[in-house]
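In case you want the letters, here they are:
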Number of protein chains: 2
Amino acid sequence: MMSRPAVHPVEAPPMTIAAVPRVRMKDIQGMPGTLGSLLLRLCQLVFAVISIVVMLTTSDFPSVTAFCYLVAAVGLQIIWSFILAIADVYAILVKRSFRNTAVVSLFAIGDGITSTLTFAAACASAGITVLISNDLDKCKVNHCTRFMSATAMAFLSWFAASPSFFMNFWSLASR
Amino acid sequence: MMSRPAVHPVEAPPMTIAAVPRVRMKDIQGMPGTLGSLLLRLCQLVFAVISIVVMLTTSDFPSVTAFCYLVAAVGLQIIWSFILAIADVYAILVKRSFRNTAVVSLFAIGDGITSTLTFAAACASAGITVLISNDLDKCKVNHCTRFMSATAMAFLSWFAASPSFFMNFWSLASR
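Worth saying up front: this structure is predicted, and the values here are computed from it rather than measured.

Draft legend 1. Quick peek at the UniProt feature "transmembrane region" (unreviewed entry) in chain A. Residues and elements named next belong to chain A. Summarizing the sequence annotation, UniProt attributes the feature "transmembrane region" (unreviewed entry) to residues 38–57, 69–94, 106–132 and 152–173 in the numbering used throughout. A helix fraction of 100% and a strand fraction of 0% characterise residues 38–57, whose end C-alpha atoms lie 29 Å from each other. Across residues 106–132, helical content stands at 100% and strand content at 0%; the span's end C-alpha atoms are separated by 39 Å.

Draft legend 2. Representation of the environment of Arg41(A) in the model. Residues and elements named next belong to chain A. Tracing the sequence through the fold places Arg41 in helix α1 (residues 35–57). As for Arg41 and Asp111, which are separated by 70 residues in sequence, their C-alpha atoms are 11 Å apart. Discounting chain neighbours no more than four positions away, the residues touching Arg41 are Trp80, Ser81, Leu84, Ala85, Asp88, Asp111, Ser164 and Asn168.

Draft legend 3. Examining unusual backbone geometry more closely. Residues and elements named next belong to chain A. Notably, Lys95 is not glycine yet its phi reads approximately 55°, a positive angle. Turning to its location among the elements, Lys95 is positioned in the loop between α2 (65–93) and α3 (101–135). The class of Lys95 is exposed, set by a relative accessible area of 76%.

Draft legend 4. How the structure looks around the environment of Thr116(B). Position of Thr116(B) among the secondary structure elements: in helix α3 (residues 101–135). Along the sequence, Thr116(B) and Gly33(B) sit 83 residues apart, while their C-alpha atoms lie 22 Å from each other.

Draft legend 5. Summary view of the packing of aromatic side chains. Under the definition given, this model contains 20 aromatic pairs over all chains. Measuring from ring centre to ring centre gives 6.1 Å for Phe165(A) and Phe166(B), while their planes differ by 85°; the resulting arrangement is edge-to-face. Of this pair, Phe165(A) sits in helix α4 (residues 144–173) while Phe166(B) sits in helix α4 (residues 144–173), each in a different chain. Centre to centre, the rings of Phe169(A) and Trp170(B) are 5.5 Å apart; their planes meet at 70°, and the pair counts as edge-to-face. Placement of the pair is Phe169(A) in helix α4 and Trp170(B) in helix α4, with the two residues belonging to separate chains. Taking the relative accessible area as the measure of exposure, Phe169(A) reaches 11% and is therefore buried.

Draft legend 6. A look at the UniProt feature "domain: Casparian strip membrane protein" (unreviewed entry) in chain A. Those residues carrying the UniProt feature "domain: Casparian strip membrane protein" (unreviewed entry) are residues 31–160 of chain A in this numbering. Between the C-alpha atoms that bound residues 31–160 of chain A the distance is 13 Å, and the span itself is 80% helix and 0% strand.

Draft legend 7. Fine view of a nonpolar patch on the surface. Residues and elements named next belong to chain A. A grouping of Val89, Tyr90, Leu93 and Val94 is seen on the molecular surface, where their side chains present a nonpolar patch of about 410 Å² in accessible area. Mapping Leu93 onto the fold places it in helix α2. Residue classification places Leu93 among the exposed positions, given a relative accessible area of 68%.

Draft legend 8. Looking closely at the layout of surface pockets. Estimated volume of the largest pocket: approximately 710 Å³. Listed by contribution, the elements that provide at least two residues to the lining of the largest pocket are α3 and α4 of chain A together with α3 and α4 of chain B. Taken as a whole, the second largest pocket spans an internal volume of roughly 500 Å³. Every residue lining the second largest pocket is counted, 24 residues in all, and those nearest its centre are Leu131(A), Leu136(A), Leu131(B), Leu136(B) and Lys138(B).

Cut-offs used in this document
Residue positions are given per chain, counting from 1 as you read along its sequence in written order. The order in which chains are written sets their letters, starting at A; the order in which ligands are written sets their numbers, starting at 1. Selection of residues for local features in this predicted model requires a pLDDT of at least 70, selection of side-chain atom pairs for listing and counting requires 80 or more, and totals for whole chains, interfaces and linings are taken over all residues. Water and hydrogen atoms play no part in the side-chain values, which are based on all heavy atoms of the structure. UniProt positions are given in the numbering used here, feature names are shortened, and annotations may be inferred rather than shown by experiment. In this text, helices come from DSSP runs of H or I with a minimum length of four residues, and strands from runs of E with a minimum of two, each type numbered from the N-terminal end. Residues are treated as being in contact if the distance between any of their heavy atoms lies within 4.5 Å. To sort residues, take the accessible area from a 1.4 Å probe on protein chains only and compare it with the maximum for the residue type: under 20% means buried, over 50% means exposed, and anything in between is partly exposed. The criterion for an aromatic pair is that two Phe, Tyr or Trp rings (for Trp, the six-membered ring) have centres within 6.5 Å, with stacked assigned to planes under 30 degrees apart, edge-to-face to planes over 60 apart and tilted to the rest. Patch building starts from residues that exceed 30% relative accessible area and form no salt bridge, then joins like charges within 9 Å and nonpolar side chains (Val, Leu, Ile, Met, Phe, Trp, Tyr) within 5 Å. Calculation of accessible area relied on Shrake-Rupley with a 1.4 Å probe; when residues are assessed, cover is drawn exclusively from the protein chains displayed. Salt bridges are defined as contacts in which a side-chain nitrogen from Lys or Arg sits within 4 Å of a carboxyl oxygen from Asp or Glu. In this analysis, the protein atoms alone were mapped onto a 1 Å grid. Cavities are point sets where a 1.4 Å probe fits without being able to get out; pockets are open sets with protein on both sides within 12 Å along at least five of seven lines; lining residues have an atom within 4 Å of a point. Grid points are joined across faces, edges and corners, and a volume is the space filled by probe spheres set on the points.

Take a look at the structure:
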């Protein structure tokens, strides 16, 4: 009679992947520190500068509160986009991206505030411009074209600002 | 001589946690299907209804494009918030929350669109209202108080709508 081993043969345990850390998100273009982000910042900057210059060349913009607010909001957008563009250039030069949660939070909050202000100013200006040109039909005594151009440029600046905000917010939520 | 078993005893494989699924996010109040979300929806609904009713009681709102746009945008907000409030009530009654990515994406996109439209309409109306009351000083011949109330209510509706959007977007990004 053969002795029966007390321990029965056991298959080798399957390889598990429990130790593999959670996959880190790759740098998606548009996240802070990438070339896409820098391009977005430059778009914001250019459109905002055109908007504020066109608005400032109209002599009568201070008589309408919404236009003064547009100048203030777009001015803030210019300052913010300029600072962030410099930060992006630096990050690209040293070939690093912003991983620090606090920094990305700051970027996301700042982007949220500036883009909301720019959008609000553009909407208010658009309301006034449509009132002057369509509802009151007083384009002959007003700089309708310039008001419209400044408003359109502010909208474009906001268009370029919202992807930055969403990319920052997304990269913050997904870590 | 004892027969040596061909297979050597092997220790039992250690318990691995590979099979445990990734920890599910808890239901944070404000995410779709929670009581917080329902309260936000009701706030949006109430403020939007007050806004549209106040604006419709002014006889001369159709003469200003921005006010017509406010009525349209707030009307859309009412429809959207009403549908989502019903969805929340259903989810609370059957004690489930919305886990499906497609559904939460739909909610996030819809919230983003409606809240942006409401905010734009509120900003445009605010621009016009400030123009009428401060810049032109023509409150005697216009329903300034009603325009202001409708605008303020639209802003409050947007205030209640943005947390819904951010919670949806966050829960989408963090899965």
